[in-house]
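So the chains spell out like this:
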Amino acid sequence: RARVICSAASSTQAAQSAELQRLFDAAPGFMAVIRGPQLIFEWANRAYYKLVGSRELIGRSVFDAIPESAEVYRSILKRVLVTGEPFVGRGMPLMLVDVDGVARNRHLDFIYQPIIGADGEVTGIFVEGQDVTDAFLAQAKQQLLLDELNHRVKNTLASVQAIVGQTLRVDREPEAFAHDLQARLKALAQTHDALTGSRWQGAALRAMLMTEFAPFAAQQIDLSGEDVILPPQSALPLGMVFHELATNAAKYGALSDPDGR
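A quick note: this is a predicted structure, and the numbers were derived from the prediction, not measured. (Residues numbered from 1 in each chain as written. Predicted model: local features only at pLDDT ≥ 70, side-chain atom pairs only at ≥ 80, totals over all residues. Heavy atoms only, no water.)

(A) Layout of empty space enclosed by the protein. Applying the stated criterion to the full structure yields 1 cavity of 30 Å³ or more. Its volume calculated, the largest cavity comes out at about 160 Å³. Tyr48, Tyr73, Leu94, Leu108 and Tyr112 are the residues nearest the centre of the largest cavity, which is lined by 14 residues in total. Of all the secondary structure elements, the ones that give two or more residues to the lining of the largest cavity are β1 (30-35), α2 (46-51), α4 (70-83) and β4 (103-116). Considering each element in turn, the lining of the largest cavity owes the most residues, 3 residues, to β4. Partitioning the lining of the largest cavity into residue classes produces 13 nonpolar, 1 polar and no charged. (1 Å grid on protein atoms, 1.4 Å probe; cavity = no way out; pocket = protein on both sides within 12 Å on 5 of 7 lines; lining within 4 Å. Points joined across faces, edges and corners; volume = space filled by probe spheres on them. Helix = DSSP H or I, 4+ residues; strand = E, 2+ residues; numbered from the N terminus. Nonpolar A, V, L, I, M, F, W, Y, C, P; charged D, E, K, R; others polar.)

Put into structure tokens, the structure is as follows:
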């Protein structure tokens, strides 16, 4: 009778264990149980295996199974074992080597939760977390874009300041100053539009010239040569140069005469 009862209890326990394994395997986050002072893997769910490239885990120490984690995580795991206090990591870096041998940087949100035995001692660590690499990279990219935007705004304001100073030196009359300043700012804006259209990869030289010469008769303009893509750091100042040359030609040169070319 005792043997029958024990057998039934074992079957129930095994069924419960299998059910828990199915539940944990269905979870989106990675989970694992690490036991003892040697930090031996006792259990891991499907997401954890996927994270580490389906390598062998059970019965191996953390730093034997995942040697690339030793440098960053050894002291953290030891501290949890000694103090019994959980550790929460946000965006923690981990270089993982895939099954194909390629090393890739990952960023993880996780918690190391100490497992306390009946005697009050720490017997292991429960690991639970998520791979937040995509979100981390997106945030880093957003910060890079903000920094680039800030840099461009400062450069644009410096350009505007220079344009105003140049116009003040030449034009003393308010009407002439306003007219020339607006024209120069428009030329600057047109170059910005061209760069924005290419996501600031560059601006086509021919398109910039045609935009600047648009107010004039087509037969007065003769463009030849292959098109060139100007990088942003060249396109902005050259856009202003083209504007000044076209303005001078319209006032004093070929474009001041309907028959000019």
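Anyway, onward from the coordinates.
(B) Local environment of the packing of aromatic side chains. Considering all chains together, one arrives at 6 aromatic pairs under this definition. Here the aromatic rings of Phe41 and Tyr48 are separated by 5.6 Å at their centres, their planes lie at 65°, and the arrangement is edge-to-face. The class of Tyr48 is buried, set by a relative accessible area of 8%. Arg74 extends its terminal NZ or CZ atom over the ring of Phe63, reaching a point 4.4 Å from the ring centre. (Phe/Tyr/Trp six-rings, centres within 6.5 Å; stacked < 30°, edge-to-face > 60°. Buried < 20%, exposed > 50% of the residue type's maximum accessible area, 1.4 Å probe, protein only. Lys NZ or Arg CZ within 6 Å of the ring centre and 35° of its normal.)

(C) Representation of α4 within the structure. Given a rise of 1.5 Å per residue, 14 residues ought to cover 20 Å, and the 19 Å separating the end C-alpha atoms of α4 matches this to within 8%. On its buried side, α4 packs onto α3 (62-65), β3 (87-97), β4 and β5 (122-131). Trailing α4 by a residue or two, Gly84 shows a phi angle of about 75°, which is positive. (Expected span 1.5 Å × (residues − 1). Contact = heavy atoms within 4.5 Å.)

(D) Quick look at the packing of helix α7 (residues 205-212) against helix α8 (residues 232-251). Packing of α7 against α8 brings their axes to within 10 Å, and their N-to-C directions diverge by 35°. Relative to α8, α7 is oriented so that their crossing is right-handed. Contact residues: α7 offers Leu205, Met208, Leu209 and Glu212, while α8 offers Ala235, Leu238, Gly239, Phe242, His243 and Ala246. Of the residues that constitute the contact of α7 with α8, the class distribution is 7 nonpolar, 2 polar and 1 charged. (Axes fitted to C-alpha atoms, helices over the stretch in contact; angles between N-to-C directions. Left-handed = near helix turned anticlockwise from the far one by under 90°.)

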